[in-house]
Amino acid sequence: MADLQGLKVAKDYHTDVPFANQNGFYLKGINSLDWGMKRHMANIFDPKSGNTVMFAFDHGYFMGSTAGLERLDLLLPKLAPHVNCFMGTRGAIRTCVPPEIAPSIALRVTSGSSMLQDDLSHEIVAVDIEDAVRMNADCMAVQTFVGADGQLSSLENLNQVINAGMRYSIPTMGVCAVGKDMARTDRFFKLATRIIAEMGCQVVKTYDCENFEEVVAACPVPIVVAGGKKLAEAEAMTLAYSVIQKGARGVDMGRNIFQSEHPVEMAIAINKIVHEGFTDKEAYELYLDSING
Ligand code: R5P
């Protein structure tokens, strides 16, 4: 292992230089993978824009019934036409998403904690690869706790899922977890996203931060950004616009859609930013026009 003493600060991110090994496929880092893996990635990431709007509703896996997600059966069919991907648990998807209307699926495959605990970093792989195949999942999402008490077991979970995914050509999305005590700095996200990518994930989900374009540049696979806590709609659109400008290939947004008073209109506006080059201001005007009739 490299000596940590006198470690130099990484700085040569070349954020203005495109990723070099991309010939043949439109998504960073996926060029050398096989047809099935590319097909799943193309289900998630629109081949025209190269981007994705994922809708995250997996919060119940540790929070139980969550404000805005009380009736998944009513909410999900309304949002399905307006997003590229549903990110949820197999229980929520099987019971509340009619298969004929489902967009692509990011299946959460780890669980084991609840919000009643202080330390949420100890999870297990709860879904067999065979069940991910049966559900035709387009990727499997693994919560990954770099720097937390459960780091070793969560990296073990991540590698177990990646290994199974490689056997069946199903991508793995490493979800960069942020514990209560973890600073949301670019230093932390550069560490965590790169560790997750080097394990072999095909997608990394993380958060916005200072110098986010450097986090993107140093991550050799597409990054999608979580929405995080509920913001005013205009601010959530600014977040989406900002991360797309800095190289994210999409958002994986939960509360900022399902806790909005107008989730469908919110999803439509986010789509315009992610896929059609709308600015945050243009998208917000569209949102206001649509909710005011
Ligand atoms: C976090 O680990 C959960 O998996 C959520 O999917 C994620 O936080 C995205 O949801 P939100 O935009 O509400 O943060």
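Look above for the structure.
The following refers to the structure shown. The structure presented is a predicted model; accordingly, all values stated were derived computationally and were not measured. Counting starts from 1 at the beginning of each chain's written sequence and moves along it residue by residue. Side-chain atom pairs in this predicted model are given and counted only at pLDDT of 80 or more, local residue features only at pLDDT of at least 70, and totals for whole chains, interfaces and linings cover all residues. Note that water and hydrogens are dropped before the side-chain values are worked out from all heavy atoms of the structure.

### Re the overall build of the protein chain
Working step 1: The number of helices and strands found in the protein chain is twelve helices and ten strands.
Working step 2: Taken along its principal axes, the extent of the C-alpha atoms in the protein chain is 60 × 40 × 40 Å.
Working step 3: A 1.4 Å probe rolled over the protein chains alone gives each residue an accessible area, and that area as a share of the maximum for its type sets the label: buried under 20%, exposed over 50%, partly exposed in between. Expressed as a percentage of the 293 residues in the protein chain, the buried residues total 51%.
Working step 4: Whether two residues are in contact is decided by their heavy atoms, any of which lying within 4.5 Å being enough. Across the protein chain, contacts joining residues at least 24 apart in sequence account for 65% of those joining residues at least 6 apart.
Working step 5: Total accessible area on the protein chain is roughly 14,100 Å²; 52% of this is exposed by carbon and sulfur atoms.
Working step 6: For the charge count, each Lys or Arg is scored as positive and each Asp or Glu as negative, with His and the chain ends excluded. Every charge is mapped onto a representative atom, which is NZ of Lys, CZ of Arg, CG of Asp or CD of Glu. Taken as two groups, the 26 positive and 35 negative side-chain charges of the protein chain have centres that lie 2 Å from each other. Runs of H or I in DSSP of at least four residues are treated as helices and runs of E of at least two as strands, each being numbered from the N terminus. Calculation of accessible area relied on Shrake-Rupley with a 1.4 Å probe; when residues are assessed, cover is drawn exclusively from the protein chains displayed.

### Some words on the site of the ligand
Working step 1: Throughout, the term near means that a residue has one or more heavy atoms lying within 4 Å of the molecule or strand in question. What surrounds the ligand is a group of 14 residues, the closest being Asp 58, His 59, Gln 143, Gly 254 and Arg 255.
Working step 2: Asp 58 places a polar side-chain atom, nitrogen or oxygen, 2.5 Å from an oxygen atom of the ligand.
Working step 3: Gly 227 has a polar backbone atom sitting 3.1 Å from an oxygen atom of the ligand.
Working step 4: Look at the ligand: alone it shows 350 Å² of surface, and the protein chains cover 95% of it.
Working step 5: Under the scheme applied here, ten amino acids are nonpolar (Ala, Val, Leu, Ile, Met, Phe, Trp, Tyr, Cys and Pro), four are charged (Asp, Glu, Lys and Arg), and all others, including Gly, are polar. Tallied by class, residues from the shell around the ligand come to four nonpolar, five polar and five charged. For this analysis, a polar contact is any N or O atom pair within 3.5 Å, provided that within protein one partner can donate a hydrogen and the other can accept it, and provided that sequence-adjacent residues contribute only side-chain to side-chain pairs.

### Concerning the nonpolar core
Working step 1: The biggest cluster of nonpolar side chains holds 71 residues, and the ones touching the most others in it are Phe 55, Phe 57, Phe 86, Leu 107, Phe 212 and Ile 270.
Working step 2: The element best represented in this core is helix 11 (residues 263-276), accounting for seven residues.
Working step 3: Ranked by size, the runner-up nonpolar core spans 19 residues in total, among them Met 37, Cys 139, Val 175 and Val 203. Residue types Ala, Val, Leu, Ile, Met, Phe, Trp, Tyr and Cys, when buried and joined through side-chain atoms within 4.5 Å, form a set referred to as a nonpolar core.

### Some thoughts on the pairing of strand 8 (residues 203-206)
Working step 1: Going residue by residue along strand 8, you find Val 203 and Lys 205 tucked away on one face and Val 204 and Thr 206 tucked away on the opposite face as well.
Working step 2: In this description, strands pair whenever DSSP reports at least two bridges between them. Bridge count for strand 7 (residues 172-176) against strand 8 is three bridges, and the pairing is parallel. Counted as the bridge partner of Gly 174 is Val 204 from strand 8.
Working step 3: Taken together, strand 8, helix 8 (residues 212-217) and strand 9 (residues 223-226) form a β-α-β motif whose crossover is right-handed. We call a crossover right-handed when, viewed with both strands directed away from the observer, the connection leading from the first strand over the helix to the second proceeds clockwise.

### Observations regarding the packing of aromatic side chains
Working step 1: Think of it this way: a Phe, Tyr or Trp ring, Trp meaning its six-membered ring, pairs with another when their centres are within 6.5 Å, and the plane angle makes it stacked under 30 degrees, edge-to-face over 60, tilted otherwise. A full pass over the atoms with the stated rule returns nine aromatic pairs.
Working step 2: A connected cluster of aromatic rings, assembled from ring pairs, spans Phe 55, Phe 57, Phe 86 and Phe 258.
Working step 3: Just above the ring of Tyr 61 sits the side chain of Arg 108; from NZ or CZ to the centre is 4.0 Å.
Working step 4: Whether a charge sits over a ring depends on NZ of Lys or CZ of Arg being within 6 Å of the ring centre and within 35 degrees of the ring normal. Its guanidinium or amino end placed over the ring of Tyr 207, Arg 184 lies 4.6 Å from that ring's centre, counting from NZ or CZ.

### Here's the deal with helix 12 (residues 280-291)
Working step 1: Here the expected span of a helix is defined as 1.5 Å times the quantity of residues minus one. A rise of 1.5 Å per residue sets the reference length of helix 12, with its twelve residues, at 16 Å; its end C-alpha atoms lie 16 Å apart and thus fit the reference within 8%.
Working step 2: For helix 12, the full list of buried residues reads Asp 280, Ala 283 and Tyr 287. On an axial view of helix 12, the arc spanned by its buried residues comes to 65°, and they lie on one face. Of the residues in helix 12, the exposed ones pointing more than 90 degrees away from the buried face are Lys 281, Glu 285 and Asp 289.
Working step 3: For helix 12, the secondary structure elements touched by its buried residues are helix 9 (233-245) and helix 11.
Working step 4: At the exit of helix 12 stands Gly 293, carrying a positive phi of roughly 75°. Here the arc refers to the set of directions running from the helix axis out to each C-beta atom.

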